[in-house]
Amino acid sequence: MNFAVFASGNGTNLQAIIDACRKKKIKGALKMVFSDKPDAFALTRARKAEVPCIAWIEPKAYKTREAFDKAVVKLLKAEGIDFVVLAGFMRILSSGFVRAYKNRILNIHPALLPAFKGVHSIKEAFEYGVKVAGVTVHIVDEEMDHGPIVVQAAVEVKTTDSLASLEGKIHEVEHRLYPQAVDLFARGKIKVVGRTVRVG
Ligand code: GRF
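Residues numbered from 1 in each chain as written. Predicted model: local features only at pLDDT ≥ 70, side-chain atom pairs only at ≥ 80, totals over all residues. Heavy atoms only, no water.

1. Focus on the pairing of strand β1 (residues 2–6)
Here is the key point about a regular strand: its side chains alternate between the two faces of the sheet. In terms of burial, β1 is a largely internal element, four of the five residues being buried. Looking at chain direction, β1 and strand β2 (residues 29–35) are connected through five bridges and run parallel. Bridge assignment links Asn 2 to a residue of β2, and that residue is Ala 29. You can see the chain leave β1, run along helix α1 (residues 12–22) and come back into β2, and the turn it takes is right-handed. Relative to strand β4 (residues 83–86), β1 runs parallel, the two sharing four bridges. Looking at β4, one finds that Phe 3 is bridged to Phe 83. (Buried < 20%, exposed > 50% of the residue type's maximum accessible area, 1.4 Å probe, protein only. Helix = DSSP H or I, 4+ residues; strand = E, 2+ residues; numbered from the N terminus. Pairing = 2+ DSSP bridges. Right-handed = clockwise from strand over helix to strand, strands pointing away.)

2. Here we look at the sheet that holds β2
Strand pairs in the sheet, formed through backbone hydrogen bonds, run parallel or antiparallel to each other. Taking strand neighbours across the sheet as the criterion, the seven strands line up as β3-β2-β1-β4-β5-β6-β7 in an open arrangement whose pairing is mixed. Each edge of the open sheet is held by one strand with a lone partner, namely β3 (53–56) and β7 (149–156). Ignoring which end each strand starts from, the neighbouring axes of this sheet average 20° apart. As judged from the seven bridges shared by strand β6 (residues 132–139) and β7, these two strands associate in the antiparallel manner. Directly across from Val 135, in β7, lies its bridge partner Ala 153. Contacting β1, β4, β5 (105–109), β6 and β7, helix α6 (residues 163–186) runs over the sheet at an angle of about 25° to β6. (Axes fitted to C-alpha atoms, helices over the stretch in contact; angles between N-to-C directions. Contact = heavy atoms within 4.5 Å.)

3. Topic: the site of the ligand
Taken together, Asn 10, Gly 11, Thr 12, Asn 13, Gly 88, Ile 108, His 109, Pro 110, His 171 and Glu 174 make up the full set of residues near the ligand. A distance of 2.8 Å separates an oxygen atom of the ligand from a polar backbone atom of Gly 11. A distance of 2.5 Å separates an oxygen atom of the ligand from a polar side-chain atom of Thr 12. Contributing elements (two or more residues each) for the shell around the ligand: α1, β5 and α6. When its residues are assigned to classes, the shell around the ligand shows two nonpolar, seven polar and one charged. (Near = heavy atom within 4 Å. Polar contact = N/O pair within 3.5 Å; in protein donor to acceptor, adjacent residues only side chain to side chain. Nonpolar A, V, L, I, M, F, W, Y, C, P; charged D, E, K, R; others polar.)

4. Description of the pattern of salt bridges
Applying the stated criterion to the full structure yields five salt bridges. The closest approach of N and O atoms between Asp 183 and Arg 187, which form a salt bridge, is 3.0 Å. On the basis of relative accessible area, Asp 183 is assigned to the buried category, the value being 12%. Taking relative accessible area as the criterion, Arg 187 reaches 40% and is therefore assigned partly exposed. (Salt bridge = Lys/Arg side-chain N within 4 Å of Asp/Glu carboxyl O.)

In structure tokens, the structure reads:
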């Protein structure tokens, strides 16, 4: 299966996926890296890894979210992309996009969903004083940080942790968990049944 990674920023999760592909730990081909930001460091990582298709589209060039997403879906279809991996992609996908790739879009979120949705989840969880934080990989549906959960991993928050150390621990877990989830998906091991994901 061919997949695309979407990233808006640094791309450390993209890097973990690139490294896993190199080590043949993902049984799928990373064919495309896409960004909505021309200066995303993720694009530099993609160039270095010689990903076959590296693309960015300026959202402001489109009148609506739907029109932008339609252009992106067209590109994905033209490149023969079977599934999409969101890795720090900072745009909400329209329902047209979600329908075009129904149950074929993965996202990673740095919290144990459904707790701490949104963009500042690690900070919010830390400030809330949780003892267990974590990471969720889920299927993307039409609501933000909401779709069926594929895998989760817990991260213990110690009293000695700072926000920075917790962020470090969470990212480390992300970089281990996401390539594993992408591999499961690429091998057809993920089946969505209502809100539940059957793995294996
Ligand atoms: C990660 O923490 C991910 O969970 C969240 O955005 C961040 C992206 O980081 N969705 P990076 O660009 O992969 O380094």
